[in-house]
Amino acid sequence: MRRFVIGQAKNLIDQSRRQHLHPLKNLRLLSLLPPFSAPPDSSLPVFSSRLLSSSSSEMSASDSSSSLPVTLDSINPKVLKCEYAVRGEIVNIAQKLQEDLKTNKDAYPFDEIIYCNIGNPQSLGQQPITFFREVLALCSHTALLDESATHGLFSSDSIERAWKILDQIPGKATGAYSHSQGIKGLRDAIAAGIEARDGFPADPNDIFMTDGASPGVHMMMQLLISSEKDGILCPIPQYPLYSASIALHGGSLVPYYLDEASGWGLEISELKKQLEDAKSNGITVRALAVINPGNPTGQVLSEENQRDIVNFCKEEGLVLLADEVYQENVYVPDKKFHSFKKIARSMGYGEKDVCLVSFQSISKGYYGECGKRGGYMEITGFTSDVREQIYKVASVNLCSNISGQILASLVMSPPKPGDDSYESYIAEKEGILSSLAKRAKTLEEALNKLEGITCNRAEGAMYLFPCIHLPEKAIAAAEAAKTSPDTFYCKRLLNATGIVVVPGSGFRQVPGTWHFRCTILPQEDKIPAIVNRLTEFHKSFMDEFRN
């Protein structure tokens, strides 16, 4: 009966909407899209300039008559300065196109929007790891553990692990707040996982569990930045979290450029040059951020390079911020992930020698649990009084979510040989990682076949970052459209193919070069179609703008 009533109510609402919505309302949504020049043979719809201008004038009239207490002129200027291209303009256009596709499928030369803009694996079809989800389900709905049928539905080790985790939570209450650093037993499991990975001791009291890696980065920026005279050395290209966080906290981003010609190499001479330039401009550099494997560039650092970086931080008195969220994503046989903590300890540096913060997340790797928001940062080399301040900041947020904490502990302590779930776990893990490696190679080879595009190999992470050598006519057209050349290219790609990528300008790049970031995450059966769409578009684009 309840379902019938709900169904009838939904029908009434839908009928009401159809009666009151004029057909042109759907087009007005797309009138918000920035105009672009469609090629003569384009099958894309042409929208009325009247709709475009009326929408614009209505908005400006509304703005001018507004007397609201919050305006762009009155909000924090640091918020205005903050940018995050991964979910920026191109994605906003894509979302509007996706809505219009529901009712105007025949109006476009594509039937779906393919989001290659963000490292969000499960949104593109990747399946979660069974063992992780079984444990999480049992911890979330503890009544299942008392049902005899559960033993026929869940693996024995997932049941055992769920009981172990619940025994570490007061009252087995997974909906209650935890210790601000995270549940102690889960931090014990993470520390044991770090020790097994690195071969050096790890202290659970050094672990601060967070809702993904991003809150940990923000927390460290809060700690290190007190004014615009405080700088953070960041790789260029960089993940926009860093520039956004530095801007929000009022600091200065000090860029160091990765060398694209050497596979996005990190040169110590470049670090020293940028450090000296910052000092000459009155900026005190507080920390060095390193992303390994790289985002958006996909390189994996060598051990020798990592040792040089650790020595540089030791000599210059810098905090080393090690973004290691892609540590499971290495695809080439000649490279291997090594944590910076392992490197520092193998060099003989102890707790008092180097200030190091290592970030890990459940969003990446082979698990891809982005929506569960789990992760941690491991803090070493800080004095007890500073650690008290870090704990105070963590306490302001009370605690990270418990589901994310549980998953973070499982990521660092997965099934072992002999466990009931081990064989299925290994099959799932290796299947995902081997497929990602194939996709990376296929896309890399396809991009390198295109006129004017060069792409370094994806050694790790989840992205390719090809360089686009654009014709002068295309650059001039971008200037006329008052946008960057790579943004111009990405908009045209989206409107012609439905493929969403992020302009390189959103990650910063060597001036005068243009790139875009593309994930390798669409499922294998979609990769050929993506390659075909991209190839056809690029050929058409180059023919249109060739010098």
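Cut-off values and rules
Residue positions within a chain follow its written sequence, with the count starting from 1. Local features in this predicted model are restricted to residues whose pLDDT is 70 or higher, and side-chain atom pairs enter the listing and the counts only when it is 80 or higher, whereas totals over whole chains, interfaces and linings include all residues. Just so you know, side-chain values use all the structure's heavy atoms and leave hydrogens and water out. Any Lys or Arg side-chain nitrogen found within 4 Å of a carboxyl oxygen on Asp or Glu counts as a salt bridge. When accessible area is computed with a 1.4 Å probe and restricted to protein chains, residues below 20% of their type maximum are described as buried, those above 50% as exposed, and intermediate ones as partly exposed. Nine residue types can take part in a nonpolar core, namely buried Ala, Val, Leu, Ile, Met, Phe, Trp, Tyr and Cys, and a core is a set of them joined through side-chain atoms within 4.5 Å. Note that domain bounds follow an automatic or database assignment of domains. When checking whether two residues touch, look at their non-hydrogen atoms; a contact exists if any pair is within 4.5 Å. Pairing of aromatic rings covers Phe, Tyr and the six-membered ring of Trp, with a centre-to-centre limit of 6.5 Å; geometry is then stacked below 30 degrees between planes, edge-to-face above 60, and tilted otherwise. Numbering of helices and strands starts at the N terminus; helices are DSSP runs of H or I of at least 4 residues and strands are runs of E of at least 2. Geometrically, a lysine NZ or arginine CZ counts as sitting over a ring once it is within 6 Å of the ring centre and also within 35 degrees of the ring normal. Using a 1 Å grid laid over the protein atoms alone, points where a 1.4 Å probe fits but cannot get out form a cavity; open sets with protein on both sides within 12 Å along at least 5 of 7 lines form a pocket; any residue with an atom within 4 Å of a point counts as lining. Grid points are joined across faces, edges and corners, and a volume is the space filled by probe spheres set on the points.

Asks: Please provide a residue-by-residue account of the pattern of salt bridges, values included.
Replies: A complete count under the given rule lists 24 salt bridges for this structure. Between arginine 197 and aspartate 198 there is a salt bridge, with its nearest N and O atoms 2.7 Å apart. Classification of aspartate 198 as buried rests on a relative accessible area of 7%. Aspartate 334 is the salt-bridge partner of arginine 457, the closest N and O atoms lying 2.7 Å from each other.

Asks: Please give an account of the nonpolar core that cites residues and values.
Replies: Ranked by internal contacts, the top residues of the largest apolar core, which has 118 residues, are Phe132 and Leu321. In terms of domain composition, this core takes at least three residues from each of domain 2 (87–112 + 434–545) and domain 3 (177–406). Those residues in contact with phenylalanine 132 that lie beyond four places of it in its chain are Tyr366, Tyr367, Leu407, Leu410, Val411, Pro414 and Tyr425.

Asks: Which residues make up the packing of aromatic side chains, and what values go with them?
Replies: One pass over the structure, following the stated rule, counts 15 aromatic pairs. Plain terms: the ring middles of phenylalanine 131 and phenylalanine 132 are 6.2 Å apart, the flat faces sit at 65° to each other, and that makes the pair edge-to-face. Across the pair, exposure class does not vary: phenylalanine 131 and phenylalanine 132 are buried alike. Measuring from centroid to centroid gives 5.0 Å for tyrosine 489 and phenylalanine 541, while their planes differ by 75°, and the two rings are edge-to-face. Of this pair, tyrosine 489 sits in helix α19 (residues 485–497) while phenylalanine 541 sits in helix α20 (residues 527–545), placing them 52 residues apart in sequence. Aromatic ring contacts, followed pair by pair, group Phe488, Tyr489, Phe516, Phe537, Phe541 and Phe545 into a single cluster. Its guanidinium or amino end placed over the ring of tyrosine 463, arginine 517 lies 3.9 Å from that ring's centre, counting from NZ or CZ.

Asks: Tell me what's going on with empty space enclosed by the protein, and back it up with residues and numbers.
Replies: Scanning all chains against the criterion turns up 4 cavities of 30 Å³ or more. Taken as a whole, the largest cavity spans an internal volume of roughly 60 Å³. Around the largest cavity, the lining residues are Pro235, Pro237, Tyr256, Leu258, Leu266, Val290, Ile291, Gly294, Asn295, Thr297, Gln299 and Leu301.

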